[in-house]
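# Summary of structural features
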Amino acid sequence: MDGILDVAGLSKTFTLHERGATLCAFEDVSFSLGAGSFSALVAPSGSGKSSLLKCIYRTYLASAGSATFRSQHGDVNLVSADEHAIIELRRREIGYVSQFLHCLPRQSCLDVVARPLIALGANRVEARARASEMLEALGLPAHLLELPPATFSGGEKQRVNLARGLLTGPRLLLLDEPTASLDAQSAERAVEQITQARNRGAAILAILHDSSLVRRLADQTIALRAPVGARTEN
Amino acid sequence: MKPILDVRNLRKTFGDGCEQCGRLTGAAAATNRCPACGTIVAVRGASFTLRHGEILGVMGESGSGKSSLVRMLYFDEAPVSGSAVFDDKGTPVEMFALNAAQQRRLRNTRFGMVYQNAHMGLNFGISAGGNIAERLLLNEQAHYEKIRERARYLLERTGIAAARMDESPHRFSGGMQQRVQIARALATDPPLLLLDEVTTGLDVSVQARILDLILELQEALGLSMVVVTHDMGVIRQLATRTLVMKNGEVVEQGLTDQILEDPQHAYTQQLVSAAL
Ligand SMILES: Nc1ncnc2c1ncn2[C@@H]1O[C@H](COP(=O)(O)OP(=O)(O)OP(=O)(O)O)[C@@H](O)[C@H]1O
Ligand SMILES: [Mg+2]
Ligand SMILES: [Zn+2]
C-alpha cells in the first residue's frame with residue numbers, strides 16, 4: 001500500500017490569551033494512510049477528532065508533530081509548509097468536507113460545486129455539468145440546483161458540501177461527519193460516492209458517528225485518547 | 001512562481017522619531033504614538049508577499065495602519081524605510097527606488113486604487129465617464145472616441161448604465177460611486193488592485209453586490225488584490241490569506257480560515273471573538 005499521509009506525534013493545544021488558559025485538543029497522535037484506503041477516527045465526543053482533521057487541512061496550526069503528505073510534487077509537511085503550498089494542495093490534492101457548508105453567499109448551488117473545478121481550468125459548462133451529475137448522484141433535488149445553498153436544509157447543504165469535496169478527485173479526503181444530517185437513503189448514496197473515490201485511489205480519513213458504517217467501511221480505525229481537558233496555567 | 005508584490009520591512013512614521021520609538025510603540029506597547037517624542041509609528045515594518053491572482057486581506061482596528069500600508073504601495077505616501085518589489089511583467093521593480101515619473105507610470109498604468117471615501121478616488125468636478133477618461137489620458141491614450149468607448153465599456157462592466165456616463169458622481173449613490181471608482185481603477189487594465197474599505201458605510205445589500213463584483217472581476221481578469229477592511233465578513237468572502245495589524249504592527253498572518261478559526265495572537269483572538 002502506497003503511503004499518502006504520515007502523521008507523527010501530532011498535538012494541538014490552544015492558547016486562550018484572554019482567559020490565560022491552554023486547552024489540549026489531542027496529544028501525540030500517529031498513524032499512516034495508504035492510497036485507496038478508508039480510515040475512521042473513533043473517539044468520544046470532545047476528544048479532538050475535528051481538531052485533528054483541521055490540523056491536517058491547516059485550518060488549525062498544530063502545536064507539535066508532523067503530517068507528511070506525499071504530494072505529486074514530493075513530500076510536504078502540512079504542519080509547517082508555506083501557505084501558498086497549502087493553497088495549491090487544497091486546490092488539487094486535499095479535500096475537506098466539514099459538517100458546515102462554508103461557501104460564498106449569493107452563488108447558485110451548481111456554481112458553488114463547480115467553482116473548484118473551474119479554478120483548475122475546466123470550462124464552465126463542463127464543470128457545471130459534472131457538478132450537476134454529482135449532485136444528482138447524491139440525490140439533491142434538481143429544482144435546487146440554481147438556488148443559493150444559504151436557505152437549504154442541513155441535509156441538502158451537506159450534499160452540496162460533499163459534492164464539492166469529491167468533484168475535483170483529491171488524493172486525500174478529510175470527512176467530518178459526511179452523513180450526519182442525511183436520511184438513510186441519502187446516506188447510502190453518499191457512501192457510494194465516497195467508496196468510488198476510495199476505489200479510484202484516494203486515502204480517506206473520516207469521522208463517522210454511525211458505528212455500523214465504521215465497521216462496514218473502515219480498513220483501519222484510529223483511536224484518540226479521552227479528552228485531556230482544560231489546563232489552566234499561570 | 002515569483003510574487004507580484006514582495007514587501008519587506010515597510011515603515012511609515014509621522015514625526016522625527018527618537019531612540020525609544022521602537023520600544024515604546026507597537027502591539028505590545030498598545031500604542032502607535034511614542035510617548036517620548038510624540039512620533040506616530042503608523043506602520044512599524046510590514047512584510048508580506050502577494051502572489052499573482054491572489055487576494056490578500058489586511059484587517060485590524062481603526063488606526064492600526066492598514067490604510068497607511070496601501071497608501072505607501074500606491075505612492076500616496078513615502079515610506080521612511082523598507083522595500084517593495086513589484087513584478088512588472090517579469091521585470092522586478094524596486095518601487096521606492098524609482099524616480100517620480102516612473103512611480104507615476106506604475107501608479108497610472110499598473111496599479112488601481114479604490115478608496116473608502118469616493119471623494120479621494122474620484123474627481124467630482126467632472127462626469128463619471130470623465131473620471132475614467134482622465135486615467136486613460138494620463139496613460140497617453142488620446143483618441144477621443146476610443147476613450148469614450150472604453151469608459152462606456154468599463155461602466156457597463158461594473159454595473160453602471162452607460163447612459164449615465166456624462167453625469168457627475170455627485171448624483172450617484174454611495175454604491176454607484178464605488179463602482180465608478182472600480183471602473184476608473186480598471187481603466188488601464190492594471191494587474192494589481194488596492195482596495196481600502198470599499199464597502200464600509202454602504203447598505204448591506206449594496207455591500208454584497210460590490211463584493212460580488214470584486215470577486216467576479218478578480219476571477220475574470222486574474223487580478224491580484226490587497227483588500228483592507230475591518231470587516232471580518234469581507235475578509236472571509238474575499239481573501240485567501242490575511243494579515244492582522246495592531247498599532248502599526250503586523251501581529252499575525254496566515255490562511256484566512258486559520259486566522260479566523262485558530263487565531264494565535266491575543267489581539268486576533270479578541271477581534272474574532274468580538275465578531276462571533
Ligand atoms: N498624515 C498623517 N499625519 C499624522 N498621523 C497620521 C497621518 N496619517 C495617518 N496618521 C496616523 O497613522 C496611524 C495609522 O493610520 P491609518 O489611516 O493607516 O489607519 P487605518 O488602520 O487605516 O485606520 P481606519 O480603520 O480608521 O481607516 C493613525 O494613528 C493615524 O492617526
Ligand atoms: Mg483606513
Ligand atoms: Zn520616539
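Thresholds, definitions, all that
Residues numbered from 1 in each chain as written. Chains lettered and ligands numbered in written order. Predicted model: local features only at pLDDT ≥ 70, side-chain atom pairs only at ≥ 80, totals over all residues. Heavy atoms only, no water. Helix = DSSP H or I, 4+ residues; strand = E, 2+ residues; numbered from the N terminus. Rg over C-alpha atoms; globule rule 2.2 N^0.38 Å. Buried < 20%, exposed > 50% of the residue type's maximum accessible area, 1.4 Å probe, protein only. Contact = heavy atoms within 4.5 Å. Areas by Shrake-Rupley, 256 points an atom, 1.4 Å probe, with all protein chains shown as cover. Lys, Arg positive; Asp, Glu negative; His and termini not counted. Charge placed at Lys NZ, Arg CZ, Asp CG, Glu CD. Pairing = 2+ DSSP bridges. Axes fitted to C-alpha atoms, helices over the stretch in contact; angles between N-to-C directions. pLDDT = per-residue confidence, 0-100. Near = heavy atom within 4 Å. Polar contact = N/O pair within 3.5 Å; in protein donor to acceptor, adjacent residues only side chain to side chain. Buried area = accessible area lost by both parts, 1.4 Å probe. Nonpolar A, V, L, I, M, F, W, Y, C, P; charged D, E, K, R; others polar. Donors = N, O, S within 2.8 Å, 3.2 Å for Na, K, Ca; no water. Tetrahedral: all angles 85-135°; square planar, octahedral: opposite > 155°, others 65-115°. Salt bridge = Lys/Arg side-chain N within 4 Å of Asp/Glu carboxyl O. Parallel < 35°, antiparallel > 145°, perpendicular 65-115°, else oblique.

### Observations regarding the overall build of chain A
Summing up its helical and strand segments, chain A has seven helices and 10 strands in all. On C-alpha atoms alone, chain A measures out to a radius of gyration of 18 Å, which is about the 17 Å that the 2.2 N^0.38 rule sets for 234 residues. For chain A, the spread of C-alpha atoms along the three principal axes comes to 55 × 40 × 35 Å. A total of 234 residues make up chain A; the buried ones form 51% of that total. Counting contacts in chain A only where the partners sit at least 6 residues apart, residues at least 24 apart contribute 70% of the total. Surface summary for chain A: the accessible area is close to 10,500 Å², and the carbon and sulfur share equals 49%. Distance between charge centroids for chain A: 3 Å, based on 25 positive and 24 negative side chains.

### Digging into the sheet that holds strand β3 (residues 38-42) of chain A
Residue and element names in this part refer to chain A. Strand order across the open sheet formed by five strands is β6-β7-β8-β3-β9, with parallel pairing between neighbours. In the strand order of this sheet, the two ends are held by β6 (94-97) and β9 (220-223), each with one partner. Sheet twist, expressed as the average angle between the axes of neighbouring strands with direction ignored, equals 20 degrees. The sheet strands contacting helix α1 (residues 49-57) are β3, β6, β7 (172-176) and β8 (203-207), and the helix crosses β7 at an angle near 150 degrees. Sheet contacts for helix α6 (residues 184-199): β3, β7 and β8; angle to β8, the most-contacted strand, approximately 145 degrees.

### Digging into the confidence of the model for chain B
Looking at chain B, the pLDDT average stands at 94 and 99% of residues meet or exceed 70. For this predicted complex, the interface score ipTM comes out at 0.92, while the overall pTM is 0.92.

### Side note on the site of ligand 1
All names here are of chain B. In the vicinity of ligand 1 lie 13 residues, with S62, G63, K66, S67 and S68 positioned nearest. One of the backbone nitrogen or oxygen atoms of G63 is found 2.7 Å away from an oxygen atom of ligand 1. The backbone of S64 places a nitrogen or oxygen atom 3.1 Å from an oxygen atom of ligand 1. Protein contacts shield 62% of the accessible area of ligand 1, which totals 640 Å² for the unbound molecule. Of all the elements in the fold, those that place two or more residues in the shell around ligand 1 are β2 (40-50) and α2 (66-73). The element contributing the most residues to the shell around ligand 1 is α2, with three residues.

### Describing unusual backbone geometry
Backbone geometry at A:R58 places phi at a positive 75 degrees, although glycine is not the residue there. Structurally, the position occupied by A:R58 is in the loop between α1 and β4 (64-71).

### Digging into the sheet that holds strand β9 (residues 241-246) of chain B
Residues and elements named next belong to chain B. Read from one edge of the open sheet, six strands run β6-β7-β8-β3-β9-β10, paired in mixed fashion. For this open sheet the edge positions go to β6 (111-114) and β10 (249-255), each flanked by a neighbour on one side alone. On average, adjacent strands in this sheet sit at an angle of 15 degrees to one another, irrespective of strand direction. By the bridge criterion, four bridges tie β6 to strand β7 (residues 192-196) in an arrangement that is parallel. Following the sheet pairing, V114 is matched in β7 by L195.

### Observations regarding the interface of chain A and chain B
By a widely used convention, the size of an interface equals the accessible area lost when the partners come together. The interface is formed by 23 residues belonging to chain A together with 24 residues belonging to chain B. In total, chain A and chain B occlude about 1,800 Å² of area from one another, counting both sides; carbon and sulfur atoms represent 48% of this. Three residues stand out in chain A for area buried against chain B, namely A:E83, A:H84 and A:R106, and they jointly supply 32% of the buried area on that side. Examining the composition of the side of chain A that touches chain B, we find that five residues originate from one element, helix α2 (residues 83-92) of chain A, more than from any other. Class assignment for the residues of the side of chain A that touches chain B results in nine nonpolar, five polar and nine charged.

### Structural notes on the coordination of the zinc ion (ligand 3)
Residue and element names in this part refer to chain B. Donor atoms from the polypeptide that coordinate the zinc ion (ligand 3) comprise C18 (SG), C21 (SG), C34 (SG) and C37 (SG), at 2.2 to 2.4 Å from the metal. For the zinc ion (ligand 3), the four donor atoms are set out with angles of 100 to 116 degrees between them, so the coordination reads as tetrahedral. Mapped onto the sequence, the residues coordinating the zinc ion (ligand 3) show the spacing C-x2-C-x12-C-x2-C. Residue class for C37 comes out partly exposed when judged on its relative accessible area of 34%.

### A word on the pattern of salt bridges
Taken as a whole, this structure holds 32 salt bridges over all chains when the rule is applied. The salt bridge partner of B:R241 is A:E83, with a shortest N-O separation of 3.2 Å. One end of the pair, B:R241, is in strand β9; the other, A:E83, is in helix α2, on a second chain. In this structure, B:R241 and A:E83 share a single accessibility class: buried. Each of A:D111, A:R124, A:R128 and A:E146 takes part in salt bridges that share partners, so that together they form one network.

### Details of α2(B)
Residue and element names in this part refer to chain B. Burial runs high along α2: six of the eight residues are buried. Of the residues making up α2, those classed as buried are K66, S68, L69, V70, M72 and L73. Immediately beyond the C-terminal end of α2, within one or two residues, lies F75, with a positive phi of roughly 65 degrees.

### Focus: the packing of helix α5 (residues 154-167) of chain A against α6(A)
Residues and elements named next belong to chain A. Where α5 meets α6, the axes come as close as 11 Å, and the angle between the chain directions of the two elements is 10 degrees. The angle between α5 and α6 falls in the class roughly parallel. Taken together, the residues of α6 that come into contact with α5 (itself represented by R159, L162 and L166) are S186, A190, Q193, I194 and A197.

### Examining the confidence of the model for chain A
Detailed reading of predicted coordinates is not advised where the pLDDT is low. Residue and element names in this part refer to chain A. Here chain A shows a mean pLDDT of 92. Residues at 70 or above account for 96%. Per-element mean pLDDT across chain A ranges from 38 in strand β10 (residues 229-232) up to 98 in β4. Overall, residues 229-234 carries pLDDT values under 50, and its contacts beyond four positions in sequence, including any with other chains, amount to 12 contacts.

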